[in-house]
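# Structural overview for review
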Amino acid sequence: MNLHDNLQALGNKKTEYRYDEPDASLLERFPNPFAKSEINPNGVTGTLNMTCPEFTSLCPVTGQPDFATIVIDMQPDGWCVESKSLKLYLGSFRMHGEFHEACICRICNDLVNLLQPKWIKVEGRFTPRGGIPLWPVAEYRKP
C-alpha cells in the first residue's frame, strides 16, 4: 500500500475552499515514513518543519484582518499531516474572528487530535498591529 493512497485533497483537480469557519475535518494524515522499518531500517529520528506564510484571520473585536506566518515543528509518531489539507485547513480561518492566541491553541490541538505526535510546537508570527508584534506559541509533548 502506498503511504498516500487514502488522501482526498492531494491531486483533487476540483478543490473546494472554505473560508468562513475553522474546520479540522479538512486535515488529512498519512503514515509516517520514519515509523516504517522497511523505509527506515536504521530507525533514524525524523522531525518536520512546516512554514505557512499565508495565514489570515479576523480580529474578533474590530473585524480587521490579521496576517501571520504559522510555523509548525514536530516529531511525528505514527502519522504526518498532508500539506495540501493543512493549507486548506489554515485557509478556513480567513473570515473567522478569533484572537491570535486562540487561533494558535486551536491549530495545535487540532493537529494533536489528528496526529498524536511525539511532540509539536505551533507558532503564530503575526504581523504587528499597533506597533506590537505578537507571536503566540502552543506546545504539546506526548506523556
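All values reported here derive from a predicted model rather than from experimental measurement.

Next up on the list: a nonpolar patch on the surface. A cluster of nonpolar residues, Tyr 17, Tyr 19 and Met 95, forms a patch on the protein surface that exposes about 340 Å² of accessible area. Along the chain, Met 95 falls in the loop between helix H1 (83–91) and helix H2 (100–115).

Next up on the list: the nonpolar core. If you look at the biggest cluster of nonpolar residues, it comprises 26 residues, and the most contacted ones within it are Phe 55, Ile 70, Leu 86, Ile 107, Leu 111 and Val 122. For this core, the secondary-structure elements that each account for two or more residues are strand E2 (48–58), strand E3 (65–75), H1, H2 and strand E5 (119–126). In terms of residue count, H2 provides more of this core than any other element does, eight residues in total. What Phe 55 contacts, discounting residues up to four positions off in sequence, is Asp 66, Phe 67, Ala 68, Ile 70, Leu 90, Phe 93, Cys 103, Ile 107 and Phe 126.

The residue Cys 59 is located in the loop between E2 and E3 in this model. For Cys 59 and Met 95, which are 36 residues apart along the polypeptide, the C-alpha to C-alpha distance reads 9.6 Å. Beyond its immediate sequence surroundings of up to four residues, Cys 59 is in contact with Gln 64, Asp 66 and Gly 97.

In this section: the layout of surface pockets. Counted as a void, the largest pocket has a volume near 300 Å³. Glu 54, Lys 87, Leu 88, Leu 90 and Gly 91 are the residues nearest the centre of the largest pocket, which is lined by 18 residues in total. Looking at the lining of the largest pocket, the elements with two or more residues in it are E2 and H1. A per-element tally of the lining of the largest pocket places E2 first, with seven residues. Grouping the amino acids of the lining of the largest pocket by side-chain chemistry returns ten nonpolar, four polar and four charged.

Per the counting criterion, the structure on display carries five salt bridges. With its nearest N and O atoms 2.8 Å apart, the salt bridge here joins Lys 87 to Glu 54. You can see Lys 87 sitting in helix H1 and its partner Glu 54 sitting in strand E2, a full 33 residues away along the chain.

Now for the sheet that holds strand E6 (residues 137–141). The pairing of strands in a sheet happens through backbone hydrogen bonds and is either parallel or antiparallel. Strand order in this open sheet of four strands is E2-E3-E5-E6, and the pairing throughout is antiparallel. Lying at the two open borders of the sheet, with one neighbouring strand each, are E2 and E6. Averaged over neighbouring strand pairs, the angle between their axes works out to 15° when direction is ignored. With nine bridges joining them, E2 and E3 adopt antiparallel strand pairing. Counterpart to Phe 55 in the pairing with E3 is Ala 68. Against the sheet, H1 contacts E2 and E3, and its axis sits at roughly 25° relative to E2. Its contacts with the sheet place H2 against E2, E3, E5 and E6, and it is angled at close to 155° to E5.

Calculation notes
- Residues numbered from 1 in each chain as written.
- Predicted model: local features only at pLDDT ≥ 70, side-chain atom pairs only at ≥ 80, totals over all residues.
- Heavy atoms only, no water.
- Patch = residues over 30% accessible without salt bridge, like charges linked within 9 Å, V, L, I, M, F, W, Y side chains within 5 Å.
- Areas by Shrake-Rupley, 256 points an atom, 1.4 Å probe, with all protein chains shown as cover.
- Salt bridge = Lys/Arg side-chain N within 4 Å of Asp/Glu carboxyl O.
- Helix = DSSP H or I, 4+ residues; strand = E, 2+ residues; numbered from the N terminus.
- Core = buried A, V, L, I, M, F, W, Y, C linked by side-chain atoms within 4.5 Å.
- Buried < 20%, exposed > 50% of the residue type's maximum accessible area, 1.4 Å probe, protein only.
- Contact = heavy atoms within 4.5 Å.
- 1 Å grid on protein atoms, 1.4 Å probe; cavity = no way out; pocket = protein on both sides within 12 Å on 5 of 7 lines; lining within 4 Å.
- Points joined across faces, edges and corners; volume = space filled by probe spheres on them.
- Nonpolar A, V, L, I, M, F, W, Y, C, P; charged D, E, K, R; others polar.
- Pairing = 2+ DSSP bridges.
- Axes fitted to C-alpha atoms, helices over the stretch in contact; angles between N-to-C directions.

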